[in-house]
Amino acid sequence: MMRTSTSQPALCRCAALLLLVLCSCAPSAFASTTSDSTTTDQATTTTNSTSTDSSTRTAAAAAAHSTSTNTAHPHYALTYLVFMLSIGALCYQFDAEIPIPYTVTLLVAGMLIGLVHEASDHGLGSLSVSINMWTQIDPHVLLFTFLPALLFGDAISMEFSSIRKAFGQMLLLATAGVALGAFLCALVPMYVFDYGWNWNYCMLIGSILAATDPVAVVSMLKECGASQNLSTIIAGEAMLNDGTAVVFYLLFLDLATGATYTTGEIVKFFAQMALAGPAVGIAVGMACVWWIMRGKDATIEITLFFIAAYAAMIASEQEGGASGVLAVVAAGIFVATFAWPYVDDHHSMHHVWHWLEWVGNTLIFLLAGTILGAKFHDTESIRAVDWGYMFLNWVAINVARFVVVAALFPFLRNMGSGLTWQEAVFMAWGGLRGAVGLAMAIAVAHTPQFHGADGERFLFHVGGMALLTLVINGTTGAALLKRLGLLDQTPAQLRHINDARHKLSLAVAERYDALAQMKRLFSDHDPEVLQLVVAKAADALFDTSKARHSMSSLHILDSLTGDPRSPGGGQGDDKAGDVEFLATIRDVFLNSLCAEYGRMIQAHELPQASGNVLLHSTKMALDDSRAAGQLTTFELLRNMLQSKGSYMRYVAGTHLSDPRSQLTILLCFIEAHNRTAIKVFDVFGAGEGADSVEETMFEREVEDNTASAEEAIGMLGLGQDDIKGERTTVMIKMLEHQITGVVESFVAQGIISGSAGKIIASDIHKGIKPPTEAETATGAAARRTRKLWSMASTSGGMKKSASVGWCTRLNTTTR
């Protein structure tokens, strides 16, 4: 049955409505509570003023009614929501012109709003009423509202192969790193601050400051352009260590408020929080993947992703008594690993989640800045020396972060893809704090034991660390990356980019020639101007005047074969550089192969279950092939097909023990490899032929893998009739998909209505089926096919004749 494609504006409106409801419920509820007390106060004031004259009583009553009206209506919460989104859109529009990260701009803008709000004595009318409702929001509601969408969005955008490779590093930083960091961050509050805080208080603030903020960190990494390996480690650590920090935070909050724990109870507490959370998240992820496998609609899929994010948080925090942060991250990683091949519309999914993440980032950083600005202006407990303590504490937490990374560096360097000292330096400097820590500090300030000066100072220092790390560390992150050489490209990467740029420079002239052939549309263009533009565009893409002998395939071939024309005869750094370039070709090939499998799934050339297996084996090959020094796609595919465990059930949706299913996988494996090899060689061989040593070596690797797949087909024990039947079934599915696509295009062009399109698509689904044995035996199917071909041929000829006649009449009339 035809699926009506869901438009992106409709999806965005649906997501916006959900978010508006979610964001407005808590402030509205708070507003109702606040309005009751405010109205009571106004009523008391009005009652006490009975001794005044009539006009005074009338004015007081009017003022009371106005004030109670402003505070009594929950919908006033929407005022600041719309205002924040407007500020965010304005900042985002000019983000490219502002040399400051977007999140820093939001935080500073929010602080200015908070300062103006307090300086005007809440005199901004309904906006001030709305700001009060938002700044007094319960911190737990703040976390429950924004954090699941942000964490889940970051988790589903991470590649499983990258997570698998860096998971050990992420886990080490999120456990031992947070524990050591919390201890170090507690030293300055304990021994320098003159507040008289005990060790539990200091460990409470240390546990909050020890964890990097995932929202702030991921935003910075995207803007700085860090490498995928470094981004995965830092972003993954930020997502995991929040869960660990929350465990420490809850433990020391209980201890600071008078609770006592035995050693066994502490171990049980940590186990329940740290282990039950991921278990709940995986369970929610499994349910989400199961549903997506059986439902094929973009709106349903986006809704299921949204449900999974919040269901994991709610089930873990409210029902399981575990870490909701870890549950959301686990659910996101599970969904990213198993659900993507079954998602019907990737573009809409990415589009909606990108918008959701933008809204979440915008609201949480503007709101955090507003709260900070209000506290900095309004507090009476902050002395001049406290500002000095804040800057000293910023230095201390940066030193603590460097000590943690340095202490764990020997382990981090030898785990996963390793870690260079330059990456370790950036990792230490890039440990930003943000709105998540601020929300926990607000929760502490609302605790009865922290009311008054202690609560305000606690919030002041946590907010100060968020401000200083975002403004100082965040804005200098890109410059530090460049200074450490982490943005530099290797010779192999430069050669690959140069080949691609050269290919694009040739494409400019080809596209111009194609446009020039459109005589009716461009018959009066100036060819001299266009040819000059084409030449300038080609030069901008690839400067052909510069010699490229040092990167040419001829030079590399000479160096590897020991030709006397090449200095060094294949020894030393040249050969190492060539090996790196060959590894670059493999990476490009494997990424392009994943894209080809995705295209084949969308075109119904490849069943989704089989495509999921091929995609997973290819993503695993991204790591394995670089380590093995050769292409290992078939070896990993064979291992997956031989696996009988539960892992394969969730990779493919079923066990693939049927030889026919394995036949489809192997045939698509061969076809995708051949198609992808042609595309990759076309780019890498740009301007230098297809005889470079790397292309020759890599072509041999591709041939070895496809030959192994051909051999495996012969070992399946299937006859020629079985192979023919399987291929015929796949072609029938492709035919249905393509004809349904024609119907959808008719609907999009307004030729037929949507309801008529659904009826036609349903008829197509019922009609396109393999012929019965009786039809095959009598030749009925073949006769019907020949009749259809005859009708199509006649129709095409009639259409052509009618078209020619119409054009002739039009030209005659014009003359």
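Residues numbered from 1 in each chain as written. Predicted model: local features only at pLDDT ≥ 70, side-chain atom pairs only at ≥ 80, totals over all residues. Heavy atoms only, no water.

### Points about the overall build of the chain
Phase 1 of the analysis: When you go through the chain residue by residue, the secondary structure sums to 33 helices and zero strands.
Phase 2 of the analysis: Across the 815 residues of the chain, 46% fall into the buried class.
Phase 3 of the analysis: For the chain, the computed accessible surface area is about 38700 Å², with 62% contributed by carbon and sulfur atoms. (Helix = DSSP H or I, 4+ residues; strand = E, 2+ residues; numbered from the N terminus. Buried < 20%, exposed > 50% of the residue type's maximum accessible area, 1.4 Å probe, protein only. Areas by Shrake-Rupley, 256 points an atom, 1.4 Å probe, with all protein chains shown as cover.)

### A word on the packing of aromatic side chains
Phase 1 of the analysis: Scanning the model with the defined rule gives 21 aromatic pairs in all.
Phase 2 of the analysis: Geometrically, the ring pair formed by Tyr195 and Trp197 is tilted, given 5.0 Å between the ring centres and 55° between the ring planes.
Phase 3 of the analysis: For Tyr195, a relative accessible area of 10% corresponds to the buried category.
Phase 4 of the analysis: By relative accessible area, Trp197 is classed as buried at 6%.
Phase 5 of the analysis: Following the ring pairs from residue to residue traces out a cluster consisting of Phe193, Tyr195, Trp197, Tyr389 and Phe458. (Phe/Tyr/Trp six-rings, centres within 6.5 Å; stacked < 30°, edge-to-face > 60°.)

### Digging into unusual backbone geometry
Phase 1 of the analysis: One non-glycine residue, Asp121, lies in the positive phi region at around 55°.
Phase 2 of the analysis: Along the chain, Asp121 falls in the loop between α4 (102-119) and α5 (126-135).
Phase 3 of the analysis: Judged by relative accessible area, which is 65%, Asp121 ranks as exposed.
Phase 4 of the analysis: Although it is not a glycine, His122 adopts a positive phi angle of roughly 60°.

### Considering the nonpolar core
One broad trend across soluble globular proteins is that nonpolar side chains are buried collectively.
Phase 1 of the analysis: Formed by 153 residues in total, the largest nonpolar core has its most connected members in Phe152, Phe305, Trp353 and Phe458.
Phase 2 of the analysis: Beyond its immediate chain neighbours, meaning those up to four positions away, Phe305 contacts Phe152, Ile156, Cys288, Ile292, Val335, Ala339, Trp340, Val343, Met349 and Trp353.
Phase 3 of the analysis: One finds Phe589, Ala621, Ile665 and Ile670 within the second-largest nonpolar core, a separate group that totals 40 residues. (Core = buried A, V, L, I, M, F, W, Y, C linked by side-chain atoms within 4.5 Å. Contact = heavy atoms within 4.5 Å.)

### A word on the side chain of Ser130
Phase 1 of the analysis: Along the chain, Ser130 falls in helix α5.
Phase 2 of the analysis: Beyond its immediate sequence surroundings of up to four residues, Ser130 is in contact with Tyr76, Ala77, Thr79 and Tyr80.

### Focus: a nonpolar patch on the surface
Phase 1 of the analysis: Together, Leu180, Phe183, Tyr191, Val192, Trp199, Leu392, Val395, Val399 and Val403 make up a nonpolar patch on the protein surface, roughly 770 Å² of accessible area in all.
Phase 2 of the analysis: At the level of elements, α7 (160-185) and α16 (384-413) are the ones that each hand at least two residues to the nonpolar patch.
Phase 3 of the analysis: If you tally residues by element for the nonpolar patch, the top one is α16, at four residues.
Phase 4 of the analysis: Assessed through its relative accessible area of 63%, Tyr191 is described here as exposed. (Patch = residues over 30% accessible without salt bridge, like charges linked within 9 Å, V, L, I, M, F, W, Y side chains within 5 Å. Salt bridge = Lys/Arg side-chain N within 4 Å of Asp/Glu carboxyl O.)

### Here's the deal with the packing of helix α6 (residues 139-156) against helix α14 (residues 324-338)
Phase 1 of the analysis: For the pair α6 and α14, the least separation of the axes is 8 Å and the interaxial angle reads 35°. Crossing angle aside, the handedness with which α6 passes α14 is right-handed. Residues Leu147, Pro148, Leu151, Phe152, Ala155 and Ile156 of α6 pack against Val325, Val328, Val329, Ala331, Gly332, Ile333, Val335 and Ala336 of α14.
Phase 2 of the analysis: When the residues that make up the contact of α6 with α14 are grouped by side-chain class, the tally is 13 nonpolar, one polar and no charged. (Axes fitted to C-alpha atoms, helices over the stretch in contact; angles between N-to-C directions. Left-handed = near helix turned anticlockwise from the far one by under 90°. Nonpolar A, V, L, I, M, F, W, Y, C, P; charged D, E, K, R; others polar.)

### Things to note about the side chain of Thr337
Phase 1 of the analysis: Residue position: Thr337 is located in helix α14.
Phase 2 of the analysis: The buried category is assigned to Thr337, whose relative accessible area is 7%.
Phase 3 of the analysis: With near-sequence residues (within four places) excluded, Thr337 lies in contact with Phe160 and His616.

### Points about the pattern of salt bridges
Phase 1 of the analysis: Under the criterion given, the structure shown has eight salt bridges.
Phase 2 of the analysis: In this structure, Arg401 engages Glu237 in a salt bridge whose closest nitrogen and oxygen atoms are separated by 2.8 Å. Placement of the pair is Arg401 in helix α16 and Glu237 in helix α11 (residues 228-256), with a sequence separation of 164 residues. By the burial criterion, Arg401 is buried, and Glu237 matches it.
Phase 3 of the analysis: Of the charged contacts, one joins Asp386 and Arg383 as a salt bridge, the two residues approaching to 3.1 Å between their closest N and O atoms.
Phase 4 of the analysis: According to the relative accessible area criterion, Asp386 is buried, its value standing at 0%.
Phase 5 of the analysis: By relative accessible area, Arg383 is classed as partly exposed at 32%.

### Looking at the environment of Leu481
Phase 1 of the analysis: Residue placement: Leu481 occurs in helix α19 (residues 453-483).
Phase 2 of the analysis: The spacing of Leu481 and Phe426 is 55 residues in sequence and 6.9 Å in space, taken between C-alpha atoms.

### Let's talk about α11
Phase 1 of the analysis: The end-to-end C-alpha distance of α11 is 40 Å, a good match for the 42 Å that 29 residues give at a rise of 1.5 Å each.
Phase 2 of the analysis: At Asn241, α11 shows its largest bend, some 25°.
Phase 3 of the analysis: The positive-phi residue at the C-terminal boundary of α11 is Gly258, with phi of around 105°. (Expected span 1.5 Å × (residues − 1). Bend = angle between axes of the 7 residues up to and from the residue.)

### Some remarks on α14
Phase 1 of the analysis: Between its first and last C-alpha, α14 extends 21 Å over 15 residues, near the 21 Å set by a 1.5 Å rise per residue.
Phase 2 of the analysis: In terms of burial, α14 is largely enclosed, as 15 of its 15 residues are buried.

### Examining the confidence of the model for the chain
Phase 1 of the analysis: Per-residue pLDDT for the chain has a mean of 74; in total, 73% of the residues score no lower than 70.
Phase 2 of the analysis: Segment residues 1-72: pLDDT under 50, and 77 contacts once partners within four positions in sequence are set aside and those in other chains are kept.
Phase 3 of the analysis: Predicted confidence is poor over residues 686-690, with pLDDT under 50, and the contacts of this stretch with residues over four places away or in other chains come to twelve contacts. (pLDDT = per-residue confidence, 0-100.)

### So, the packing of helix α9 (residues 199-210) against α11
Phase 1 of the analysis: Contact pair α9 / α11: the axes reach a minimum separation of 8 Å and the direction vectors enclose 160°. Judged on the interaxial angle alone, α11 and α9 are roughly antiparallel. In this structure, α9 meets α11 at a crossing whose hand is left-handed. From α9, Asn200, Tyr201, Met203, Leu204, Ser207 and Ile208 reach across to α11, where they touch Ala245, Phe248, Tyr249, Phe252, Leu253, Leu255 and Ala256.
Phase 2 of the analysis: When the residues that make up the contact of α9 with α11 are grouped by side-chain class, the tally is eleven nonpolar, two polar and no charged. (Parallel < 35°, antiparallel > 145°, perpendicular 65-115°, else oblique.)

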